[in-house]
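Chain residues, written in single-letter form:
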Amino acid sequence: MKPALHAIDATLPAPPPYTPAGNERALFEHAWKRRVPLLLKGPTGCGKTRFVAHMAARLGLPLFTVSCHDDLTAADLTGRYLLKGGETVWVDGPLTRAVREGGICYLDEVVEARKDVAVVLHPLADDRRVLPLERTGEELQAPPHFMLVVSYNPGYQSLLKALKPSTRQRFAAIEFGFLAPEQEIAVVAAESGLPSERVAPLVALAGRLRKLKGHDLEEGVSTRLLVYCASLIGEGLPVRDAVLAGLIEPLTDDADVKAALIDVAGAVLG
């Protein structure tokens, strides 16, 4: 039997604001109804995490978010035995909690985690939908309202940090990018409070800087940084200072690159 969409409880907080770039909301809902795990890929700051939070609230589902890093192990996700009050007790990790309780487990930047994490995810991300807990001897069956979502930034991929085909092909995938300029202007204006006409030059600058990705920059300007910059301007900080602190300094530590970015900003903003 297919799980029905949860009705949104009026007592739950409203979904975080999210401006769709395409049909990603419909894709997410269809994937959830059919119990299909999702892989979200796209550049830093393009809205992947916001999108998952938005969809969890939209569907009325608990959200368990894990920010993956080099030291994250399978035990960090599943759980471990800990000493409490002189006794050794089992404590569930976030993935185990999500499977037991139902909801969305979101692993952000999953390629940053250790390789043993993929081994744990595989039986959850195929038709078995099970989570074996070797230390407790349990094999948890995921309920219909459990969903696994992972994300990563292809721009940071390397031979040492890439999803193996055996992992990738267990997920349907949605590719994210930055919004069209008119949409991004509206989003930044709404979140920062800065008028659209003052946001527009910042978005134009971001577009210019994003074209430098892969040349002088590892990553382009995120929408998040644009909101920070516009917020600083809205508080009265001079535009030049806000652009330096909000857009340029977070992108690079290289003095020559920084000087070049300042020149680009000057040419765009005047």
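Cut-offs applied
Residues numbered from 1 in each chain as written. Predicted model: local features only at pLDDT ≥ 70, side-chain atom pairs only at ≥ 80, totals over all residues. Heavy atoms only, no water. UniProt positions renumbered as here; feature names shortened; annotations may be inferred. Helix = DSSP H or I, 4+ residues; strand = E, 2+ residues; numbered from the N terminus. Phe/Tyr/Trp six-rings, centres within 6.5 Å; stacked < 30°, edge-to-face > 60°. Lys NZ or Arg CZ within 6 Å of the ring centre and 35° of its normal. Pairing = 2+ DSSP bridges. Axes fitted to C-alpha atoms, helices over the stretch in contact; angles between N-to-C directions. 1 Å grid on protein atoms, 1.4 Å probe; cavity = no way out; pocket = protein on both sides within 12 Å on 5 of 7 lines; lining within 4 Å. Points joined across faces, edges and corners; volume = space filled by probe spheres on them. Nonpolar A, V, L, I, M, F, W, Y, C, P; charged D, E, K, R; others polar. Domains from an automatic or database assignment. Contact = heavy atoms within 4.5 Å. Buried area = accessible area lost by both parts, 1.4 Å probe. Buried < 20%, exposed > 50% of the residue type's maximum accessible area, 1.4 Å probe, protein only.

Asks: So, the UniProt feature "domain: CbbQ/NirQ/NorQ C-terminal" (unreviewed entry) in the chain: which residues are in play, and what are the values?
Replies: UniProt annotation of "domain: CbbQ/NirQ/NorQ C-terminal" (unreviewed entry) refers to residues 184–267 when read in the numbering used here. The distance from the first to the last C-alpha atom of residues 184–267 is 21 Å, and the span holds 70% helix and 0% strand.

Asks: Which residues make up the packing of aromatic side chains, and what values go with them?
Replies: Tallied over the entire structure, the rule returns four aromatic pairs. Here the aromatic rings of F51 and F176 are separated by 5.2 Å at their centres, their planes lie at 55°, and the arrangement is tilted. With F51 in helix 2 (residues 48–59) and F176 in the loop between strand 9 (172–175) and helix 7 (181–192), this pair connects stretches of sequence that are 125 residues apart. Taken together through their ring pairs, the aromatic side chains of Y18, F28, F51 and F176 make up a single cluster. Taking NZ or CZ as reference, R210 lies 3.7 Å from the ring centre of F178, over its face.

Asks: Describe the sheet that holds strand 5 (residues 103–108), listing the residues and the values that go with them.
Replies: What the five strands build is an open sheet, ordered 2-5-8-1-9; its pairing is parallel. Because the sheet does not close on itself, it has two edges, and the strands there are strand 2 (63–67) and strand 9. For this sheet, the mean angle separating the axes of adjacent strands, direction not counted, is 20°. Where strand 1 (residues 38–41) meets strand 9, four bridges bridge the pair, whose relative direction is parallel. Residue K41 lies in a different strand from strand 9, and its bridge partner there is E175.

Asks: Pulling in residues and values, what's your account of the pairing of strand 1?
Replies: Sheet topology note: the strand 1/strand 8 (residues 146–152) ladder contains four bridges and is parallel. Paired with L40 across the strands is S151, a residue of strand 8.

Asks: Describe empty space enclosed by the protein, naming the residues involved and giving the relevant values.
Replies: Scanning the entire structure with this criterion turns up one cavity of 30 Å³ or more. Its volume calculated, the largest cavity comes out at about 40 Å³. In terms of lining, the largest cavity is formed by R35, V36, P37, L124, R129, F146, M147 and L148. Classifying every residue of the lining of the largest cavity gives six nonpolar, no polar and two charged.

Asks: Summarise the domain arrangement of the chain; cite the residues concerned and give the values.
Replies: Accessible area lost during the coming together of the parts is what is often quoted as the interface size. Taken domain by domain, the chain comprises domain 1 (23–175) and domain 2 (181–269). If you average the C-alpha positions of domain 1 and of domain 2, the two centres end up 32 Å apart. Facing the seven residues of domain 1 at the interface are seven residues of domain 2. Buried area between domain 1 and domain 2, summed over both chains or domains, comes out near 540 Å², and the portion from carbon and sulfur atoms is 40%.

Asks: So what's going on with the layout of surface pockets? Which residues, and what values?
Replies: Put simply, the largest pocket is a space of about 620 Å³. Around the largest pocket sit 27 residues that line it, and G45, C46, G47, K48 and R50 are the ones nearest its centre. It is helix 9 (residues 223–234) that contributes the most residues to the lining of the largest pocket, four residues altogether. The class makeup of the residues in the lining of the largest pocket is 12 nonpolar, seven polar and eight charged. Per-domain counts for the lining of the largest pocket show at least three residues from each of domain 1 (23–175) and domain 2 (181–269).

Asks: An account of the environment of V52 is requested, with residue identities and associated values reported.
Replies: Turning to its location among the elements, V52 is positioned in helix 2. V52 sits in the buried class, given a relative accessible area of 0%. Look past the residues within four positions of V52 in its chain and what remains in contact with it is L40, L63, I104, Y106 and V149.

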